[in-house]
Amino acid sequence: MIESFPSALLAQLPIHLPLALTGGAGSATAGGVALKLAGVDYLILAVYFSFVLGIGWVLKKHLKTSTDFFESGRSLPAWICALGFIGANLGAQEVMGMAASGAKYGIATSHFYWVGAIPAMIFVGIFMMPFYYGSKARSVPEYLKLRFDEKTRTFNALSFAVMTVFSSGISMFALAKLLNAILGWNFDACIFISSVIVLIYIYTGGLTSAIYNEVLQFFLIVLGFLPLVLLGLKDIGGWDGLMQQLGAYSEAQGMPGAWNHSWAHLNEASANPIGIEWFGMVAGLGFVLSFGYWCTDFLVIQRAMAAKDMNSARRTPLIAAIPKMMFPALVILPGMLAIALYHKGGTAAIALPMGADGHPDYNMVVPVMIAKYFPNGMLGIGLTALMASFMSGMAGNVTAFNTVWTYDLYQRWIKPDASDAHLIKVGRVTTVVGLMISAVCAYAATKFNNIMDMLQLIFGFVNAPLFAIFLCGMFWKRATGHGAFFGLLTGTLTAAFFQGNTVPAGETASLLKGGWMSVQHTFTSSMAQSFWMAIFAFSGCFLGTIIISLSTAPNRTDDELRGLVYSLTEKVVDQQGTPWYARPAVLGVIVLTLTVALNIVFW
């Protein structure tokens, strides 16, 4: 794995970010804070926050029903939903997490896009949106109720609620750490401030406010990060200079070429920094985690379900896939540039703050790059882009959390006869509670030097087994409610057993890192552990669902399953005269062809 950055080199560099970050909340930093915001930077931040809060306030008067608050009245055009779809995913986990992974794992991080996102986005648009949108289900757990039964819905609602507050907490942690490191603001105060801002615009404007803010944040993130990449490439000597330095760095780590190529070094786990071979990558990330996230995570599905009609809902993930496939250039390259500039040394060199474990804190890649390249004015734009990503991640998870809690838990189990006005009130209260729980979860993220490692761990517990029952439920009408519930339980317990008996190299056994039962196997990295855990969780749930379904009587008739199972559902046909760019199947083929080409080019 990557060696520690020498302390001597850190001390010589002109970047005066804190040189020691323990990762703990409110931890003291050495070296002080040299980076100062000018008046223009504060003005840019003020304008951004005014827009964010203003959108929620303007939309408040249009929220008359619970459908308006939780589902945007199913009235938004495809392009707005598509940008919201990608914006909800473009949170701190992606912007800071992918840059951290680019430094830690190199260009192989692109697999999270070209293998771990695009194929699944095509599948959900063409095959799964007709089920979601056509069933009129208000959430993914509600779809599970219609397809299976109430207990399966409740199990998923609870596990999803836990996942969303942890994911929102990761975004809070990233923002707090950024502001603490660059501006010297108190870590705990940063968590509180970010929570209040997100609370205001979701509380007032609901899902519509979140989606329109995600569209705004999408453009801000592109505007803020593109100059960072261009300046870094200029400093390193262009693409050829980057490849040369990464090649030299790979040699120094004993993995020749591993930071330069995406597929060439996946023949064995020891040949690449992720510590995974091609089967684990394709099956763990490309199939289980990818399809499990994009096809079942209500956070993103909710954006497509806000579309004005079926065609718009199906095109939402397909349109989103086009900019998504280009995002490695925006979010992974900063991490690759950081490692290359470190290896190059001299006046171009940069350094990363060190964690308490003696290894670089990869989560600080983007802040360090911004500190190096952005002068006042540009600094305000860069920080605004970062804050936009954090707000987007928090808002996306909280809106999904309040919908699932209100519809699938509160209305079902606590107050079935709740009025529409009462449901809106509960949704707003749930927003407050969700952000409070997220703040607590933010402190768990301090245990990881790459927030993407923590995120994949969470997805392995929740999305991997969930995807198994979706596959069984949508394409096998014999799957039963008992099979789905106990299959889901089996998959979750399998994930816990696997994680409890394995641990990443160099980590101490714990509830978060694994090995809390015993250490039967040590993985090269946390990412490799999560990929294989997902494979086992999916397999346990899939087999459990099949065996138990065959042993129990069907609880749904064919008539009840129409619109919920592929073989019993009328296929969606494009209307006569629909242009090619509005046909989901045509869009899917184009996007998949481009993705295959990118994999070949960067092989």
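Higher on the page you've got the structure.
Residues numbered from 1 in each chain as written. Predicted model: local features only at pLDDT ≥ 70, side-chain atom pairs only at ≥ 80, totals over all residues. Heavy atoms only, no water.

A.B. asks: Can you help me understand the overall build of the protein chain in this one?
C.D. replies: If you tally the helices and strands in the protein chain, you get 24 helices and 2 strands. Burial status across the protein chain gives 63% buried among its 603 residues. In the protein chain, once contacts between residues fewer than 6 apart in sequence are set aside, the share between residues at least 24 apart is 80%. Accessible area of the protein chain: about 21100 Å², with a carbon and sulfur share of 68%. (Helix = DSSP H or I, 4+ residues; strand = E, 2+ residues; numbered from the N terminus. Buried < 20%, exposed > 50% of the residue type's maximum accessible area, 1.4 Å probe, protein only. Contact = heavy atoms within 4.5 Å. Areas by Shrake-Rupley, 256 points an atom, 1.4 Å probe, with all protein chains shown as cover.)

A.B. asks: I tried to follow the nonpolar core on my own but got confused; where do I start?
C.D. replies: One broad trend across soluble globular proteins is that nonpolar side chains are buried collectively. Formed by 171 residues in total, the largest nonpolar core has its most connected members in Tyr-132, Phe-225, Leu-242, Met-369, Leu-386, Phe-470 and Phe-531. Tallying contributions element by element places helix H20 (residues 451–475) first for this core, with 16 residues. Residues lining this core come from more than one domain, with at least three contributed by each of domain 1 (7–27 + 65–463 + 573–601) and domain 2 (464–572). For Met-369, the contacting residues outside a window of four places in its chain are Leu-228, Pro-334, Leu-337, Ala-338, Leu-341 and Ile-350. (Core = buried A, V, L, I, M, F, W, Y, C linked by side-chain atoms within 4.5 Å. Domains from an automatic or database assignment.)

A.B. asks: Sorry, what's going on with the packing of aromatic side chains here?
C.D. replies: In this structure the tally under the stated criterion is 26 aromatic pairs. Between Phe-127 and Tyr-566, the ring centres sit 6.3 Å apart and the planes meet at 55°, which makes this aromatic pair tilted. In this pair, Phe-127 sits in helix H7 (residues 118–135) while Tyr-566 sits in the loop between helix H23 (558–561) and helix H24 (584–601), placing the two residues 439 residues apart along the sequence. With a relative accessible area of 32%, Phe-127 lands in the partly exposed category. Taken together through their ring pairs, the aromatic side chains of Phe-123, Phe-127, Phe-287, Phe-291, Phe-467, Phe-475, Phe-538, Phe-542 and Tyr-566 make up a single cluster. Across the ring face of Tyr-566, the terminal group of Lys-571 is positioned such that the distance to the ring centre comes to 4.5 Å. (Phe/Tyr/Trp six-rings, centres within 6.5 Å; stacked < 30°, edge-to-face > 60°. Lys NZ or Arg CZ within 6 Å of the ring centre and 35° of its normal.)

A.B. asks: Please clarify how the pattern of salt bridges should be interpreted in this entry.
C.D. replies: When charged atoms on two side chains of opposite charge get close, those side chains can pair. Within the structure shown, the criterion is met by 9 salt bridges. The partner of Asp-558 in a salt bridge is Lys-477, and the shortest N-O contact between them spans 3.4 Å. Residue Asp-558 is found in helix H23, and its partner Lys-477 is found in the loop between H20 and helix H21 (481–500); the two are separated by 81 residues along the sequence. A residue is classified by how much of its surface remains accessible, and Lys-477, at 40% relative accessible area, is partly exposed. One connected set of salt bridges, linked through shared partners, spans Glu-142, Glu-150, Arg-153, Asp-408 and Arg-412. (Salt bridge = Lys/Arg side-chain N within 4 Å of Asp/Glu carboxyl O.)

A.B. asks: Looking at this structure, I do not really get helix H8 (residues 140–147). What am I missing?
C.D. replies: Think of an α-helix as turning once every 3.6 residues; residues three or four places apart then point the same way. Where burial is concerned, most of H8 is hidden: 6 out of the 8 residues are buried. Those residues of H8 lying buried are Val-140, Pro-141, Glu-142, Tyr-143, Leu-144 and Arg-147.

A.B. asks: What am I meant to see in the packing of H8 against H20 here?
C.D. replies: A packed helix pair is summarised by two numbers, namely the angle formed by the two axes and the spacing between the axes. Two elements in contact, H8 and H20, have axes separated by 11 Å at closest approach and are oriented at 45°. By the criterion of interaxial angle, the relationship of H8 to H20 is oblique. Read as a crossing pair, H8 and H20 show a hand that is left-handed. Counting all contacts with H8, which are made through Val-140, Tyr-143, Leu-144 and Arg-147, the residues of H20 involved are Leu-466, Ile-469, Phe-470, Cys-472, Gly-473 and Met-474. Classifying every residue of the contact of H8 with H20 gives 8 nonpolar, 1 polar and 1 charged. (Axes fitted to C-alpha atoms, helices over the stretch in contact; angles between N-to-C directions. Parallel < 35°, antiparallel > 145°, perpendicular 65-115°, else oblique. Left-handed = near helix turned anticlockwise from the far one by under 90°. Nonpolar A, V, L, I, M, F, W, Y, C, P; charged D, E, K, R; others polar.)

A.B. asks: Even after reading the chapter, I still don't get the environment of Leu-333, so can you show me in this structure?
C.D. replies: Tracing the backbone shows Leu-333 in helix H16 (residues 333–344). Taking the C-alpha atoms as reference points, Leu-333 and Ala-99, separated by 234 residues in sequence, lie 6.9 Å from one another. When near neighbours in sequence (up to four residues on either side) are disregarded, Leu-333 contacts Val-229, Trp-239, Leu-242 and Pro-328.

A.B. asks: In this structure, what is going on with a nonpolar patch on the surface? I would like to understand it.
C.D. replies: Together, Phe-192, Ile-193, Val-196 and Ile-200 make up an exposed nonpolar region whose accessible area comes to about 350 Å². Take Phe-192: it is sitting in helix H10 (residues 187–236). (Patch = residues over 30% accessible without salt bridge, like charges linked within 9 Å, V, L, I, M, F, W, Y side chains within 5 Å.)

A.B. asks: I keep staring at the side chain of Gln-245 and nothing clicks. Help me out?
C.D. replies: Take Gln-245: it is sitting in helix H11 (residues 238–252). Exposure remark for Gln-245: the relative accessible area of 15% places this residue in the buried category. If we skip the residues at most four places from it in the chain, Gln-245 touches Ile-236, Ala-340, His-343 and Lys-344.

A.B. asks: Whenever I open this one, H11 confuses me. Can you help?
C.D. replies: For H11, spanning 15 residues, the distance from its first C-alpha to its last is 21 Å, which sits close to the expected 21 Å at 1.5 Å a residue. When H11 is considered as a whole, its buried residues turn out to be Gly-241, Leu-242, Met-243, Gln-245, Leu-246, Gly-247, Tyr-249 and Ser-250. Two residues or fewer after H11 comes Gly-254, characterised by a positive phi angle close to 75°. (Expected span 1.5 Å × (residues − 1).)

A.B. asks: Explain the environment of Val-115 to me, please; I cannot follow it from the model alone.
C.D. replies: Tracing the sequence through the fold places Val-115 in the loop between helix H6 (111–114) and H7. We classify Val-115 as buried; its relative accessible area is 10%. As a C-alpha pair, Val-115 and Met-325 span 210 residues in sequence and 10.0 Å in three-dimensional space. Not counting residues within four places of it along the chain, the set of residues in contact with Val-115 comprises Ser-110, Trp-263, Gly-286, Ser-290 and Asn-599.

A.B. asks: So what exactly am I meant to see when it comes to the packing of H11 against H16 here?
C.D. replies: The interhelical angle for the contact between H11 and H16, taken along N-to-C directions, is 65°, at an axis separation of 9 Å. The angle between H11 and H16 falls in the class roughly perpendicular. For H11 against H16, the interelement crossing comes out left-handed. Seen from H11, the contacting residues are Trp-239, Leu-242, Met-243, Gln-245, Leu-246, Ala-248 and Tyr-249; seen from H16, they are Leu-333, Met-336, Leu-337, Ile-339, Ala-340, Tyr-342, His-343 and Lys-344. Of the residues contributing to the contact of H11 with H16, the split by class is 12 nonpolar, 2 polar and 1 charged.

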